[in-house]
Amino acid sequence: MEPREKFDAALPPAMAVDGGEASALARRAHAEPPHPYRAPFARDMARVLHARAFRRLAGKTQVFTRLPAEGLSDHFRSRLTHTLEVAQIARTVAAALGLNTELAEALALAHDIGHPPFGHAGERALDRALRRHGMNFDHNLHALRIVTWFEERYPAFRGLNLTLAVREGIVKHSRDYAAAGHPELAEYLLDEFPPLEAQLIDLADEIAYLTADLDDGLGAGILAVDQVREALPFFRTRHDAALDDAPQAAAKLAADEALRRMLNAFVTDLIVETRAQASALGAATLASIRRAPRRLAALSPPLEAARAATKAFLYANLYNSAAQEQEHAQAEKVVLELFDLLLAEPGLMPPDHQTQIPGEGLVRTVADYIAGMTDAFIVQLWTRTLGQR
Ligand code: MG
C-alpha cells in the first residue's frame, strides 16, 4: 500500500489552551490539589461524564423518537448519542489542529447538557413560558447553572468545580454575549472570543447533527434518498461516487457511504479552513485568537454553503415537517401546561427544588426543574397531574 501523504495542520503550540496545573485557564473556583496523573481538563471531562445531567441526556429527544407508522423506536439518536458523536468530531479536529483535545472533548460532552426535554420543541415551549414572565431560556446559560450549582457530588462545594476554560467554553461555544447585558458573566471575558477549542464545538455540533439527522430521517422513512439527492448536490455527488465505487451496494449502504463522505468532507474542511484563518492572523498566540476580528473556526465558503443548504433542507423537510407536527404540538402542550401547574402548585416540586425559590424566584425555579427532566419523566408527571384533570 502507498504510504499516505502526511496531513499536517497543527497550529503553533501557543495557540492551544495550556492545560497544565499552573495555567490560568485551569483555575477552579474552589482550589483542589493536583491529581497525580490526570491533567485538569481530563478531570473535567470525567466530571461531566459522571454528572447526572449527562446521564439524563439518554432520555432526551434529539430530533424525534417515533416512526410515523410504528411509534417509538430505539434506532435514532438521543441527545446522549448525539453528544458522543460531537465529542468524537471535536477530538479529531482539535488533535489535527494541535489544540488541547481534553478541553475540546470536555466542552463537547457538556455542550447539550442544558437542553430541556423534547428537543427543540421543548426548548421553544420553555422559552415561551418564560417570556410570559419577562424572562427567557438559554441552554448555554442553563448548562452553566447545572455545572456550577445543580450538580451535587462534593461535600465541600456545590457544582462540579470545573476549570475556568471549561466554564468559559460552555458559555461562549455557540454565541457571543454582550458584556454590558451580562454582568454576572464578567469572569468569562465576554469582550474576547473563546479559544479555538471552544469555537470549534459549534461546527462540530452542526456537522454531527446535519449528517446524523439525514441518516435518521432516511431511516425513519420521513426523508427519501431521491429527495435528498435532488435538494442537496453536496450529497448527490457523494452518493454518485459511492454508487460508482460499489454499484451493487444495497440502497441503505450507498446512502451510509454518501453520508460518511459528507461528514468527512465537512470535518476536513473545518480543520483546513480554521488553520488557514488562524495562520492568516500573523500571530501565534491564544491572545491573538481571543482578540481576532472575528471567530476563526470556520468552514470555507463552498462548504459553508453546503452546510447552510443542508440545514435549510432539514428544517423544511424534517424538523418542521408535517410528520413532526403532532409530536411537537404534544411536547409544547405538556411543557406549557406543566409550567403553569407548577407555578400554581410549587409543592409538587421536590423539596430540593423548592429551596431554590427564595433565591431564584418561583418562575426560574420551575423552569430549572422542567429543563432538567427527561422526556419520559415529564410525560409521566404531566399524566399523573394534568392528564387526569
Ligand atoms: Mg448539540
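Coordinates for the structure precede this section.
Model, not experiment: these values are computed from the prediction. Every chain is numbered independently, its residues counted from 1 as its sequence is written. The predicted origin of the model limits local features to residues at a pLDDT of at least 70 and limits the giving and counting of side-chain atom pairs to 80 or more, whereas totals for whole chains, interfaces and linings rest on all residues. To get the side-chain values, take all heavy atoms of the structure and skip hydrogens and water.

Draft legend 1. How the structure looks around the overall build of the protein chain. What counts as a helix is a DSSP run of H or I of at least four residues, what counts as a strand is a run of E of at least two, and both are numbered from the N terminus. Across its full length, the protein chain carries 18 helices and two strands. The globule rule puts the C-alpha radius of gyration for 389 residues at 21 Å, and the 22 Å found for the protein chain is close to it. Working definition: with a 1.4 Å probe on protein chains only, accessible area under 20% of the residue-type maximum means buried, over 50% means exposed, and in between means partly exposed. Split into buried and exposed, the 389 residues of the protein chain put 52% on the buried side. When contacts within the protein chain are restricted to residue pairs at least 6 apart in sequence, long-range pairs at least 24 apart make up 70% of them. For the area figures, the Shrake-Rupley method with a 1.4 Å probe applies, and any residue is considered shielded solely by the protein chains shown. Accessible surface computed for the protein chain: about 18,100 Å², of which carbon and sulfur atoms make up 55%. Across the protein chain, the 42 positively charged side chains and the 51 negatively charged ones have centroids separated by 4 Å. Put simply, the radius of gyration uses C-alpha atoms, and a globule should come to 2.2 Å times the residue count raised to 0.38. Residue contacts are defined here by distance: any two heavy atoms, one from each residue, within 4.5 Å place the two residues in contact. Residues scored as positive are Lys and Arg, those scored as negative are Asp and Glu, and His as well as the terminal groups of each chain are ignored. By convention, the charge on Lys lies at NZ, on Arg at CZ, on Asp at CG and on Glu at CD.

Draft legend 2. Layout of helix 5 (residues 119–131). What a helix should span is 1.5 Å times the count of its residues minus one. For helix 5, spanning 13 residues, the distance from its first C-alpha to its last is 19 Å, which sits close to the expected 18 Å at 1.5 Å a residue. Every buried residue of helix 5 is listed here: Gly 119, Ala 121, Gly 122, Glu 123, Ala 125, Leu 126, Asp 127, Ala 129 and Leu 130. Close packing links the buried residues of helix 5 with helix 3 (79–96), helix 6 (139–150), helix 14 (322–344) and helix 17 (362–371).

Draft legend 3. Seen up close, the environment of Gly 219. Take Gly 219: it is sitting in helix 8 (residues 196–220). For Gly 219, a relative accessible area of 56% gives the class exposed. For the pair Gly 219 and Lys 252, spaced 33 residues apart in the sequence, the C-alpha separation amounts to 8.4 Å.

Draft legend 4. Summary view of the side chain of Thr 374. Note that Thr 374 resides in the loop between helix 17 and helix 18 (375–385). Overall, the relative accessible area of 16% leaves Thr 374 in the buried class. Within the structure, Thr 374 has its side chain in polar contact with the backbone nitrogen of Phe 377 (distance 3.2 Å). With sequence-adjacent residues up to four places away left out, Thr 374 is seen in contact with Arg 56, Gly 59, Lys 60 and Pro 117. Side-chain atoms alone can form a polar contact between residues adjacent in sequence; in general such a contact is a pair of N or O atoms within 3.5 Å, and within protein one must be able to donate a hydrogen while the other accepts it.

Draft legend 5. Representation of the coordination of the magnesium ion in the model. Listed as protein donors to the magnesium ion are His 82 (NE2), His 111 (NE2), Asp 112 (OD) and Asp 205 (OD); their distances from the metal cover 2.2 to 2.4 Å. Think of the donor list as every N, O and S atom within 2.8 Å of the metal, or within 3.2 Å for Na, K and Ca; water never makes the list, so a site can look incomplete. Taken in chain order, the donor set of the magnesium ion reads H-x28-H-D-x92-D. Here His 82, found in helix 3, pairs with Asp 205, found in helix 8; they are 123 residues apart in sequence, far enough to count as distant. Per residue, the accessibility class of His 82 equals that of Asp 205, and both read buried.

Draft legend 6. Representation of the side chain of Glu 105 in the model. As for its position among the elements, Glu 105 is in helix 4 (residues 101–110). Glu 105 has contacts with Met 45, Ala 87 and Arg 91, leaving out every residue within four places of it along the chain.

Draft legend 7. Structural view of the environment of Gly 20. With respect to the helices, strands and loops of the structure, Gly 20 is situated in the segment before helix 1 (40–49). A residue is classified by how much of its surface remains accessible, and Gly 20, at 28% relative accessible area, is partly exposed. In the structure, Gly 20 is positioned 341 residues away from Gly 361 in sequence and 39 Å away in space, judged by C-alpha atoms. Sequence-distant contacts of Gly 20, that is, excluding residues within four places in its chain, are made with Ala 26 and Pro 40.

Draft legend 8. Quick peek at the packing of helix 6 against helix 17. As a packed pair, helix 6 and helix 17 sit with axes 12 Å apart at the nearest point and diverge in direction by 90°. In terms of axis orientation, helix 6 runs roughly perpendicular to helix 17. Here His 142, Arg 145 and Phe 150 of helix 6 lie close against helix 17, whose contacting residues are Arg 364, Asp 368 and Ala 371. Gly is placed with the polar residues, together with every amino acid not listed as nonpolar (Ala, Val, Leu, Ile, Met, Phe, Trp, Tyr, Cys and Pro) or charged (Asp, Glu, Lys and Arg). Tallied by class, residues from the contact of helix 6 with helix 17 come to two nonpolar, one polar and three charged. Between N-to-C directions, angles span 0 to 180 degrees; the directions come from axes that are lines fitted to C-alpha atoms, helices contributing only their stretch in contact. When describing relative orientation, an angle under 35 degrees is termed roughly parallel and one over 145 degrees roughly antiparallel, while 65 to 115 degrees is termed roughly perpendicular and anything else oblique.

Draft legend 9. Region of the structure containing helix 4. The buried fraction of helix 4 is high, at eight of 10 residues. Among all positions in helix 4, only Leu 103, Ala 104, Glu 105, Ala 106, Leu 107, Ala 108, Leu 109 and Ala 110 are buried. Those residues of helix 4 that are buried are in contact with helix 1, helix 2 (52–56), helix 3, helix 7 (164–172) and helix 8. The opening residue of helix 4 is Asn 100, an N-cap whose side-chain oxygen sits 3.1 Å from the backbone nitrogen of Glu 102.

Draft legend 10. Summary view of the packing of aromatic side chains. Only centres within 6.5 Å qualify two rings of Phe, Tyr or Trp (six-membered ring in Trp) as a pair; their planes then separate them into stacked at under 30 degrees, edge-to-face at over 60, and tilted for everything else. Here the structure, examined in full by the defined rule, presents three aromatic pairs. Seen from their ring centres, Phe 234 and Phe 266 are 5.0 Å apart, and the 45° between their planes marks the pair as tilted. A residue pair is termed long-range when its members are at least 10 positions apart, and Phe 234 in helix 10 (residues 233–245) and Phe 266 in helix 11 (residues 251–279) qualify at 32 residues. Using a relative accessible area of 1% as the deciding quantity, one classes Phe 266 as buried. Summarising the aromatic geometry, the rings of Tyr 315 and Tyr 319 are spaced 4.9 Å apart at their centres and angled 90° between planes, so their arrangement reads as edge-to-face. A residue pair is termed a helical-turn pair when its members lie 3 or 4 positions apart in one helix, as Tyr 315 and Tyr 319 do in helix 13 (residues 301–319) at four residues. Judged by relative accessible area, which is 11%, Tyr 319 ranks as buried. Any Lys NZ or Arg CZ that is within 6 Å of a ring centre and within 35 degrees of that ring's normal is treated as a charge sitting over the ring. Positioned above the aromatic ring of Trp 149 is the side chain of Arg 158, whose terminal nitrogen or guanidinium carbon lies 4.1 Å from the ring centre. The ring of Phe 234 carries the charged tip of Arg 238 above its face, separated from the ring centre by 3.9 Å.

These results come straight from atomic positions and should not be treated as a statement about function.
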